[in-house]
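Letter by letter, the chains look like this.
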Amino acid sequence: MPVAKPESCDSRVIAHIDMDCFYVQVEQRKQPQLRGLPTAVVQYNEWKGGALIAVSYEARKFGVKRSMRGEEAKEVCPQIHLVQVPVARGKADLNGYRNAGSEVVSILARRGRCERASIDEVYLDLTDAAETMLAEAPPQHLEAIDEEALKSHILGLNNEDGSDVKENVRNWIHRCNADHRDKLLACGILIVAELRMQVLKETEFTCSAGIAHNKMLAKLASGMNKPAQQTVVPFSSVQGLLNSLPIRKMKQLGGKLGMSLQIDMGVNTVGDLLQFSEEKLQERYGLNTGTWLWNIARGINGEAVEGRLLPKSHGSGKTFPGPRALKTVSAVQHWLNQLCEELSERLCSDLDQNKRIAHTLTLHVRAYKSSDSDSQKKFPSKSCPLRYGTAKIQEDAFNLFQAGLREYIGLYGGKSEGSHYSGWGITSLSVSASKIVPIPSGTCSIAKYFHWQTSSHFSSIQSPENLRMDATHLSPPGNESYSEVNLPEPKIDFSGEESWIEDTIPGLGLQEQKINVWKDEFQSRGHSLAELNEVEVAEENERSSCSYIRDQDERRREAWSYNIDEIDPSVIDELPTEIQDEIQAWLQPRKRPNNIVKRGSTISHYFSPTKKS
Ligand code: TTP
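Residues numbered from 1 in each chain as written. Predicted model: local features only at pLDDT ≥ 70, side-chain atom pairs only at ≥ 80, totals over all residues. Heavy atoms only, no water.

A. Examining helix H5 (residues 127-136) more closely. All of the buried residues in H5 are Thr127, Ala129, Ala130, Met133 and Leu134. Taken down its axis, H5 places every buried residue within 165° of arc, on the same side. Across H5 from its buried face, at more than 90 degrees, point the exposed residues Asp128, Ala135 and Glu136. On the buried face of H5, the contacting elements are strand S8 (121-125) and helix H8 (180-203). (Buried < 20%, exposed > 50% of the residue type's maximum accessible area, 1.4 Å probe, protein only. Helix = DSSP H or I, 4+ residues; strand = E, 2+ residues; numbered from the N terminus. Arc of directions from axis to C-beta. Contact = heavy atoms within 4.5 Å.)

Here is the structure:
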């Protein structure tokens, strides 16, 4: 966690922009007759009408929630319109949403450094734009202030005396005696209002925004008044905001650290942290985390807005919960081919549009074994250098799968070809391409770059198009080792919803049964139950361990309002950031020394010499 200096963030102007019920808006733009009507977007799976993943604000008024299935939503709001997520290759196709997000990003990036945080969230550093406005057209001299800016919510502004709220905002923006920081925020209000209006005009999408002196505060503020509104956190209101803010609402405190703060330190709100000295927090949580906690209690966060408009990786995945688990190698190969085809398409368009290439292909699998004492063993994630071309990606991904299967289940599993069922099932497959870099500057053309990178692999000169489609082993410079230890594990649980529902044991109360299921889930992720106590709850008894699991799980479900097994694993990077954080906090993989492949091992490690290259 970054250690920030107070001076480094006081006078920045940071905005967090969050699209409103994003997938719904995208679908409503496609079908304008749905605008203003209760609408929800549902997952492609049909069971009980599919899981809701986005709900319009009109539907929310009827009590429709993201945690519901289509059928439940119809019960509370019979007139709701349910729109299916587009499907391609038998799985959700999120390209339309990704592209819609890109449209928004390209507009927002016009006024400042822009970081795409998820499929529908963006951070903007507007400091330079605000300083320029302050120098050239300071808000206190503006006669007309845009209506949208006047609708801003300014935390700490007293609107309770019956006064005209917009007039109060106007006066706040016009204040001549304001300090420099507030004057910059006033500029931020005007700039963000203008940007939001521009987004609406060009894309037809509404968004909400938080405007503050750092990312943390801006993010907190953007969700306070939705939809289509903006909230401002002046410096003088920071402490008031944090004092009553439950710590689990803070980014990074939704997991173990937040739990330990609550249990061990009695900290329930961010403001409660103020009672501890920096030394005390460092003593308890280490130097960096201690300082970070001390800082956030004071609203200090020096995290920079990264100039990043494009995704860091591309992925394509699908879950096969419960009875849909894949049980033959040929079924796995079929789905891998679909996923690789999608991945390859996205890599090619990234190359065409952004002149970027990816270097690493990774396969993540979740599996179970039905007849093995070692049933907790995880299917190892595998990586190799990425070769462009659909057929090559498909071949490499399949080889990675077979290598993983050999490790997972031994030779016995390796022989399970065709339709023969060998006692294992695959509940999730995902392929991803990472280490994406721009083609080095100074390279005259893509074709030349690829030729330079790959000349030793080509037997004859190829056309640029063929080169693009057929480049082999574009390894990044330097020695790479490809093993699971260097790569993120799957960040999500793919266990089937069916097992959640059916996993009931006669004779036990529902709560106990759930605790058992949570325990099983915890163990199936490679954790020992003893590890539950690692959260510095060393002396906690069995009962509190269970409640720890239960609380974690309840919070997780509560916070997501959504079944995690429904989330396409390849889109984790694009989910709202707090959800990414929670998934990571919950499923943070433990080091598994037995599975560690030494650095320096190469792709050849995974393939026997007899395999065709
Ligand atoms: P969110 O920003 O969490 O929600 P939202 O935009 O639908 O609504 P709000 O106005 O409250 O911000 O998520 C952005 C999109 O991401 C959402 O429209 C659908 C998708 N999504 C999933 O596919 N699965 C999930 O579990 C979540 C939380 C979101």
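B. Region of interest: the environment of Cys340. Checked against the element boundaries, Cys340 lands in helix H14 (residues 329-354). We classify Cys340 as buried; its relative accessible area is 0%. For the pair Cys340 and Glu395, spaced 55 residues apart in the sequence, the C-alpha separation amounts to 9.2 Å. Residues in contact with Cys340, not counting those within four places in the same chain, are Ile393, Gln394, Ala397 and Val431.

C. Fine view of the sheet that holds strand S13 (residues 356-369). Strand order across the open sheet formed by 4 strands is S12-S15-S13-S14, with antiparallel pairing between neighbours. In this open sheet, the two strands that pair with only one neighbour each are strand S12 (314-319) and strand S14 (382-385). Averaged over neighbouring strand pairs, the angle between their axes works out to 15° when direction is ignored. Sheet topology note: the S13/S14 ladder contains 4 bridges and is antiparallel. Within S14, the position partnered with Leu363 by the bridge is Lys382. Seen against the sheet, helix H15 (residues 390-409) touches S13, S14 and strand S15 (424-438) and runs at an angle of roughly 35° to S13. (Pairing = 2+ DSSP bridges. Axes fitted to C-alpha atoms, helices over the stretch in contact; angles between N-to-C directions.)

D. Seen up close, the pattern of salt bridges. For the structure on display, the rule yields 28 salt bridges. For the salt bridge of Glu341 with Arg89, the shortest nitrogen-to-oxygen distance reads 3.2 Å. With Glu341 in helix H14 and Arg89 in the loop between strand S5 (87-88) and strand S6 (91-92), the pair connects residues that are 252 residues apart, well separated along the chain. As a salt-bridge pair, Asp182 and Arg175 come within 3.0 Å of each other at their nearest N and O atoms. Judged by relative accessible area, which is 28%, Arg175 ranks as partly exposed. Counted as one network, the salt bridges with shared partners bring together Glu115, Lys215, Glu303, Glu306 and Arg308. (Salt bridge = Lys/Arg side-chain N within 4 Å of Asp/Glu carboxyl O.)

E. Structural view of the packing of aromatic side chains. For the structure shown, the criterion picks out 7 aromatic pairs. An angle of 75° between the planes, with centres 5.7 Å apart, marks the rings of Phe22 and Phe205 as edge-to-face. In this pair, Phe22 is assigned in helix H1 (residues 22-30) and Phe205 in the loop between H8 and strand S10 (207-212), connecting sequence segments 183 residues apart. Like Phe205, Phe22 is buried. Note on Tyr23 and Tyr97: the rings are 3.8 Å apart at their centroids and 5° apart in plane angle, and the pair reads as stacked. With Tyr23 in helix H1 and Tyr97 in helix H4 (residues 95-108), this residue pair connects regions lying 74 residues apart in the sequence. Neither residue differs from the other here; Tyr23 and Tyr97 are each classed as buried. (Phe/Tyr/Trp six-rings, centres within 6.5 Å; stacked < 30°, edge-to-face > 60°.)

Everything listed here is a matter of geometry and, on its own, says nothing about what the molecule does.
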